[in-house]
Amino acid sequence: VLLLILASSTLYAEPIPQDRRIDWTTTGVPGGIPNRTNICATLNTGTTASAINSAISSCSNSGGGVVYLNAGTYNLTGIQLYSNNVTLRGAGADQTILKGCNIVNLGNGYNSVSGISITAGGAKGSTSFTVANTNGLRADSMIEIDRDNDPNLVVSTTGGSRHIRQMNMITSVNGNVITVKNPLIWDFSNGNPKVKFTFSATRFSGIENLKLDHAGTSGCSNNLLWQYCYGCWLKGVHSFKPTNYHMTLVGTLNGEIRDSYIADAQTYGANNAGIASYGSAQYGSNSSMKIENNIFNRVFPGIELQNSSSGFYMGYNYAYGTMASASNGPVTWMYSDNHGPHDMMNLWESNVGEMFGSDGYFGGSSHGTAVRNYFTGHNPIFGTVDDPIRLNRLSYNYNLVGNVLGSSDESPKKYAQSTDNCSGGAGIYRLGYPNIGNCGLSDVTGNAVPGGMSYPDSKVNSTLLRWGNYDYFNKATRWISSEIPSNVPVPTDQVISNSYYYSSRPAWWPTGVQWPAIGPDVTGGNGDVSGHV
């Protein structure tokens, strides 16, 4: 009886209700990134992109394996990793250097309009639904489903009525019943749901252990374009000094970016993100991506999600400083959960960086979760300070649990911003403000909310769940019932989950280093003066 009582209490005490989260363990390359040992071809400096492409194609046709690039510097443009089951691998990111413009693209295919109605099933968390017909639908087919916007959640400043979208993979077709790999992130049982697209895509190919050096180039449209790719990855890569984004994702599913160093830009400022999950209503969005154990430096932002990026997991990334300008740069989003509607159900866990949030520029986002992160509010490159959490207008139903917010470097002067132009200095939270580049309460974005809105957007605060966060204004961990939304039960204890992704210490985590490494229950840490990191 006692065991049953304890189990019931533990379940009830979970601070984030089930309707505010999903199962993020389905993210990343299914089964993990394969450690391939079959070397199809070994190439040396002086080889051409054409020769590499030929080796990739032959490797795929023979069943897959590794195209290996020996140590050295390769000057080339136009590697096409379009074939299935191929790893393009170097000798190490400090040894195999690829220099050029548009050096490599990952993934290739096309999308086809489906428009088949979902007639039954499709509840959040389910993996099956019924369709009106199965024309063009088959097992092992990548699809995107969409539905009408939920009026309680979704607002777009640029138009469009179907911003709730999810990429998925069909695992079986039984009559008119479709079974998919990943549980549905939202309710697709109403809102006129449809299978929007079917895709032809590259599968299970990746790039490993090399450097992409874009320095000295100009006019490069796609430094690393991921498009129409399932189960693809980037691992052990140094991406250096491109123009525009380091990498852009469109129409991808279950990809993975890990153990990489993403740094610098040729012209610092806007559109110099490290990873831009761009997505597109025309070409397809991105879902179930895993971004883990990377370093970001001198980029803006490090990770930027937009245009219906859904069900992502961002874990254990370290970010040093953003470069929103070449000099005197402000604290700004290193981790951006939204730059275009409508990203949802994304998990940010155990990351370090100066700021997290959602900018609300082109529309809203919802149900983002940040657990056990350290957001400092301090840009160490320039010494500037600002609020470590900035959830702008239209950012609803967010969950912030067990984080360490602010720093002695930031030295916040208040808990939350509430005045025009944030007079009085930096705080911990900026909630519901309209703009990216300033702290005014008059919208100057040029992307006004349909129907108008007064600022701050009070719904951002009223739907925000905060529990067990240590902050540098109060210099204490807050377990405050008033910071739980009115429709959410107040947790009955002060227990924070170790992880919403791992059931135990990750296999790659260093021996002898405490795990979890961030949170109110961490003591003696040397990452900040509170000891919680």
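Cut-offs and rules
- Residues numbered from 1 in each chain as written.
- Predicted model: local features only at pLDDT ≥ 70, side-chain atom pairs only at ≥ 80, totals over all residues.
- Heavy atoms only, no water.
- Helix = DSSP H or I, 4+ residues; strand = E, 2+ residues; numbered from the N terminus.
- Rg over C-alpha atoms; globule rule 2.2 N^0.38 Å.
- Buried < 20%, exposed > 50% of the residue type's maximum accessible area, 1.4 Å probe, protein only.
- Contact = heavy atoms within 4.5 Å.
- Areas by Shrake-Rupley, 256 points an atom, 1.4 Å probe, with all protein chains shown as cover.
- Pairing = 2+ DSSP bridges.
- Core = buried A, V, L, I, M, F, W, Y, C linked by side-chain atoms within 4.5 Å.
- Axes fitted to C-alpha atoms, helices over the stretch in contact; angles between N-to-C directions.
- Phe/Tyr/Trp six-rings, centres within 6.5 Å; stacked < 30°, edge-to-face > 60°.
- Lys NZ or Arg CZ within 6 Å of the ring centre and 35° of its normal.
- Disulfide = S-S within 2.5 Å.
- Expected span 1.5 Å × (residues − 1).
- Salt bridge = Lys/Arg side-chain N within 4 Å of Asp/Glu carboxyl O.
- pLDDT = per-residue confidence, 0-100.

1. Observations regarding the overall build of the chain
Within the chain one finds 3 helices and 44 strands. Relative to a compact globule of 533 residues, whose C-alpha radius of gyration would be 24 Å, the chain shows 23 Å and is just as compact. Here the C-alpha coordinates of the chain stretch approximately 60 × 55 × 55 Å along the principal axes. Taken across its 533 residues, the chain has 59% of its residues classed as buried. In the chain, of all internal contacts separated by at least 6 residues, the share reaching a separation of at least 24 is 71%. Of the accessible surface of the chain, which amounts to about 18,800 Å², a share of 49% is contributed by carbon and sulfur atoms.

2. With respect to the pairing of strand β11 (residues 164–174)
Along a regular strand, successive side chains alternate from one face of the sheet to the other. As paired elements, strand β10 (residues 142–147) and β11 share 6 bridges and run antiparallel to each other. From the neighbouring strand, E144 faces β11, where its bridge partner is M167. Here 4 bridges tie β11 to strand β12 (residues 177–180), and the two strands are oriented antiparallel to one another. Its bridge partner being in β12, S172 is matched across the sheet by T179. The antiparallel hairpin formed by β11 and β12 contains 2 residues in its connecting segment, where G175 sits at a positive phi of about 65°.

3. A word on the nonpolar core
I79, I207, L224, W226 and F356 are the most contacted members of the largest nonpolar core, which totals 63 residues. Considering each element in turn, this core owes the most residues, 5 residues, to helix α2 (residues 49–61). Apart from residues no more than four positions distant in its own chain, L224 is found in contact with V104, N105, L106, I207, L212, L234, H246, M247 and T248. Core analysis: the next-biggest nonpolar cluster, separate from the first, contains 38 residues, V154, I170, L347 and I496 among them.

4. Quick notes on the sheet that holds β12
Read around the closed barrel, the 6 strands follow the order β8-β9-β12-β11-β10-β13; overall the barrel is antiparallel. Strand-to-strand twist in this sheet, taken as the mean axis angle between neighbours without regard to direction, amounts to 50°. With 3 bridges connecting them, strand β8 (residues 110–121) and strand β9 (residues 128–131) associate as antiparallel partners. In the sheet register, A120 faces β9, and the bridge partner there is T130.

5. Focus: the packing of aromatic side chains
Applying the stated criterion across every chain yields a total of 18 aromatic pairs. The interplanar angle of 55° and the centroid separation of 5.7 Å between the aromatic rings of Y335 and W348 together place this pair among those described as tilted. Taken together, the residues span a long stretch of sequence, with Y335 in strand β28 (residues 335–336) and W348 in strand β29 (residues 347–349) at a distance of 13 residues. On the accessibility criterion, Y335 (0% relative accessible area) is buried. Cation over ring: R258 sits above W508, and NZ or CZ is 5.8 Å from the ring centre. Above the plane of the ring of Y429 lies R466, whose end atom (NZ or CZ) is 4.5 Å from the centre.

6. Considerations on the pairing of β9
Alternating positions in β9 separate cleanly, F129 and V131 being buried on one face and S128 and T130 remaining unburied on the opposite face. Hairpin remark: β8 followed by β9, antiparallel, with 6 residues in the connecting loop; positive phi at G122, about 90°. Across 3 bridges, the pairing between β9 and β12 is antiparallel. Among the inter-strand pairings, T130 is bridged to a residue of β12, identified as V177.

7. Remarks on the environment of G236
You can see G236 is positioned in strand β17 (residues 233–240). A residue is classified by how much of its surface remains accessible, and G236, at 17% relative accessible area, is buried. Leave out the neighbours within four places in its chain, and G236 touches A93, E208, N209, L210, R258, D259 and S260.

8. A closer look at the state of the cysteines
Here the structure, examined in full by the defined rule, presents 4 disulfides. Linked covalently through their sulfurs, C40 and C59 form a disulfide whose S-S length is 2.1 Å. As the torsion about the S-S bond is roughly 55°, the C40-C59 disulfide counts as right-handed. Within this pair, whereas C40 is found in strand β1 (residues 39–43), its partner C59 is found in helix α2, the two being separated by 19 residues in sequence.

9. Some details on α2
Here α2 spans 18 Å end to end across 13 residues, near enough to the 18 Å set by a 1.5 Å rise per residue. Where the residues of α2 are buried, they touch β1, β2 (65–69), β4 (79–81) and β5 (86–90). One or two steps after α2, the chain reaches G63, where phi turns positive at roughly 115°.

10. Description of the pattern of salt bridges
Within this structure, the stated rule accounts for 18 salt bridges. Its salt-bridge partner being E256, residue K290 comes within 3.9 Å of it at the nearest N-O pair. Note that K290 is positioned in strand β23 (residues 290–292) and E256 in strand β19 (residues 256–258), a separation of 34 residues in sequence. Note on E256: relative accessible area 5%, which makes it buried.

11. Brief notes about the confidence of the model for the chain
Taken as a whole, the chain shows an average pLDDT of 95; of its residues, 98% reach a score of 70 or greater. Below pLDDT 50 for its whole length, residues 1–12 participates in 4 contacts with residues either more than four positions away or in separate chains.

12. Some thoughts on unusual backbone geometry
For the bond running from P341 to H342, omega is -10°, close enough to zero to count as cis. When you line up the elements, H342 lands in the loop between β28 and β29. Following Y455, the chain continues to P456 via a peptide bond in cis, the omega torsion being 0°. Take P456: it is sitting in the loop between β41 (429–431) and α3 (458–462). Not every positive phi belongs to a glycine, and N209 is a case in point at roughly 60°. Following the sequence through the fold, N209 ends up in strand β15 (residues 206–213). The partly exposed category is assigned to N209, whose relative accessible area is 27%. Phi is positive for S350, close to 60°, though the residue is something other than glycine. Looking at the element boundaries, S350 is found in the loop between β29 and β30 (352–353).

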